[in-house]
Amino acid sequence: MQNTETILVLDFGSQYTQLIARRVRETGVYSEIIDSATPIDRIRSWNPSGLILSGGPASVHDTDAPKSAPEIFESGIPVLAICYGLQWMMYHLGGEVKPSGSREYGRSCLKLTGEDPLFHDVPRESHAWVSHADEVISPAPGFEVIAESESVPNTALCDRSRKLWGVQFHPEVVHTDYGKQVMFNFTRRICGCKGQWSPAAYIDYAVADIRHQVGSDNVVLGLSGGVDSTVAAALIHRAVGDQLTGIFVDNGLLRYKEAERMLKVFRENLNLKVEFVDASEHFLSRLEGVADPEEKRRIIGNEFVSVFQEAAQKMSRVRFLAQGTTYPDVIESSGIGRHAQNIKSHHNVGGLPEQLGFDELVEPLRMLFKDEVRELGQELGLPGETVWRQPFPGPGLAVRVLGELTKERVQTLQQADRIVMQEMKDSGWYEKVWQSFAVLLPVHTVGVMGDARTYENAVAIRVVKSMDGMTADWVQLPHDLLGRISTRIINEVPGINRAVYDITSKPPGTIEWE
Ligand code: XMP
């Protein structure tokens, strides 16, 4: 973003790179992630207030070890180098880096050995999170040791005259007691940033930017009911009002009464022009009897494109297609950062522009993290129910009706899922978890109701916590809540006689069952 104080995070492949960028923003300073090898001229064009070198899995002794532009160390721009970043900086500047005698993982005791602004308001002893195989054996000339850990003497180093700092621990993770303070000290004390970044401050910038891009042309946006597309709609509507039309497709795979609820939000809360397409019968008839999860996703993806295309073509010429793309999507598609293996093909609107003949994309959330999108939604006056909505997969309930899909099975699942949602919300757990839902299993089990034998379906209840959906842990819900959910589903939903709780983490499981 132009005219905003910015810290650049140079990515060396750490699993924590995005976390570093988020932590910087939490100190009130805008941050962007760039490739570690970005040339110095490009770096200078951002006019950054500081640079952070991320950690990474490599060793500086590997033949293809990642490097940064060497000029950054003489540029006068303050540098904070973390873990591999520190090792690379030391190695390049003439220090010695070697494999540690004992690899150090987990919490370690951090002891300050000097005075430095990086550790302002950090006690002399605290805990820090470490994870490394190599360590700095002797610092590069000009560097002073400012902290040590139990097993690594050169844990934090600095050369104040060249404005270079390096730490062998991870200030970005919550397990480092004073990590936030260290980040704040770097961005605000060392780099001198004033802390002007906030999602609220972003609204004015984004509104002006959208107006500039769109002019008096029209914009169309696919509304999924999810947080991202809804917040994007609210923001674009604020910028260009009725030049924006949302297209909302009911594919018959939404939660119980979700289409009605969302339409009300779009029309009444957002005052949005919405083209509502009820394609539920159409989607369900295409999916009838399909059992393979990837086949379900493929059909839904294709049908969505054709339904969207038809609706868009009915409108007068529209130049712009808007999307709720967020920063993690941008990072992943640009190839920076960790590459997740494609375990499931995710259906999103990514391929639409070419297929639909729009001239340009409008993506006002492309520099924001999910939590920032939520904050922005709140600022824009969206109801809490919308802002705190849990993620919901594009193919919807199709991937939660395991095995062969039929309209009746979707309806059965909607009833079970409605009860899970209601109980999670009433007990205050809904907002505390990443996702909570029911899955209809393709098995019949024997039960007894009244005096009669039953032979009916089983459901699984899945409740997970997660930061970003990449990894997840099952949630230890109170037993009485689980009991209530189970009793209600079995009593109230015809065709279900058993409920089980899924206690699988990701990895090795995935969040969805299909
Ligand atoms: P998994 O099951 O891969 O899910 O652990 C991770 C996150 O992605 C969501 N998910 C999807 N989202 N289209 C989507 O838009 C899909 O095909 C899809 N499959 C999974 C899932 O709900 C979770 O939040």
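Student: Before we go on, may I ask you to explain the packing of helix α8 (residues 280-287) against helix α9 (residues 293-313) in this structure?
Tutor: Each packed pair of helices is defined by two parameters, the angle between the axes and the distance between the axes. For the pair α8 and α9, the least separation of the axes is 10 Å and the interaxial angle reads 150 degrees. The angle between α8 and α9 places the two elements in the roughly antiparallel class. As for the relative orientation of α8 and α9, their crossing is right-handed in sense. Of the residues in α9, those touching α8 at His-282, Phe-283, Arg-286 and Leu-287 are Lys-296, Ile-299, Ile-300, Glu-303, Phe-304 and Val-307. For the contact of α8 with α9, the residue count by class is 6 nonpolar, 1 polar and 3 charged.

Student: Any chance you could explain helix α5 (residues 199-214) here in plain terms?
Tutor: Residues lying three or four places apart along an α-helix face the same way, a consequence of the helix completing one turn every 3.6 residues. When the terminal C-alpha atoms of α5 are compared, their 22 Å separation across 16 residues agrees well with the 22 Å that a helix rising 1.5 Å per residue should span. Taken as a whole, α5 has its buried residues at Pro-199, Tyr-202, Ile-203, Ala-206, Val-207, Ile-210 and Val-214. At its buried positions, α5 is contacted by β10 (219-223), α6 (227-240), β13 (320-322), β14 (360-362) and α12 (370-379). Just downstream of α5, Gly-215 is the residue with a positive phi angle, here 60 degrees.

Student: What is the right way to read empty space enclosed by the protein from this model?
Tutor: Unfilled space is identified by rolling a water-sized probe across the atoms. In the structure shown here, the tally under the stated rule is 1 cavity of 30 Å³ or more. Estimated volume of the largest cavity: approximately 40 Å³. Only α7 (258-269) and α14 (407-426) provide two or more residues apiece to the lining of the largest cavity. Counted by class, the lining of the largest cavity contains 2 nonpolar, no polar and 5 charged residues. No fewer than three residues from each of domain 2 (199-387) and domain 3 (400-501) sit in the lining of the largest cavity.

Student: Where do I start with α6 in this structure?
Tutor: Here α6 spans 20 Å end to end across 14 residues, near enough to the 20 Å set by a 1.5 Å rise per residue. Among the 14 residues that make up α6, 13 are buried, leaving the element largely enclosed by the rest of the structure.

Student: I'm lost on the pattern of salt bridges in this one. Help?
Tutor: Two side chains of opposite charge can pair, provided their charged atoms sit close to one another. For the structure shown, the criterion picks out 30 salt bridges. Here Arg-261 ties to Glu-258 by a salt bridge, and the two come within 2.6 Å at their closest N and O atoms. On the criterion of helical spacing, the pair formed by Arg-261 and Glu-258 is a turn pair, its members being 3 residues apart in helix α7. According to the relative accessible area criterion, Arg-261 is partly exposed, its value standing at 30%. Given the relative accessible area of 10%, Glu-258 is considered buried. The shortest N-O distance in the salt bridge between Arg-286 and Glu-303 comes to 2.6 Å. Linking Arg-286 in helix α8 with Glu-303 in helix α9, this pair joins segments that are 17 residues apart in sequence. Since its relative accessible area comes to 45%, Arg-286 is described here as partly exposed.

Each value, and the rule that gives it
Residues numbered from 1 in each chain as written. Predicted model: local features only at pLDDT ≥ 70, side-chain atom pairs only at ≥ 80, totals over all residues. Heavy atoms only, no water. Axes fitted to C-alpha atoms, helices over the stretch in contact; angles between N-to-C directions. Helix = DSSP H or I, 4+ residues; strand = E, 2+ residues; numbered from the N terminus. Parallel < 35°, antiparallel > 145°, perpendicular 65-115°, else oblique. Left-handed = near helix turned anticlockwise from the far one by under 90°. Contact = heavy atoms within 4.5 Å. Nonpolar A, V, L, I, M, F, W, Y, C, P; charged D, E, K, R; others polar. Expected span 1.5 Å × (residues − 1). Buried < 20%, exposed > 50% of the residue type's maximum accessible area, 1.4 Å probe, protein only. 1 Å grid on protein atoms, 1.4 Å probe; cavity = no way out; pocket = protein on both sides within 12 Å on 5 of 7 lines; lining within 4 Å. Points joined across faces, edges and corners; volume = space filled by probe spheres on them. Domains from an automatic or database assignment. Salt bridge = Lys/Arg side-chain N within 4 Å of Asp/Glu carboxyl O.

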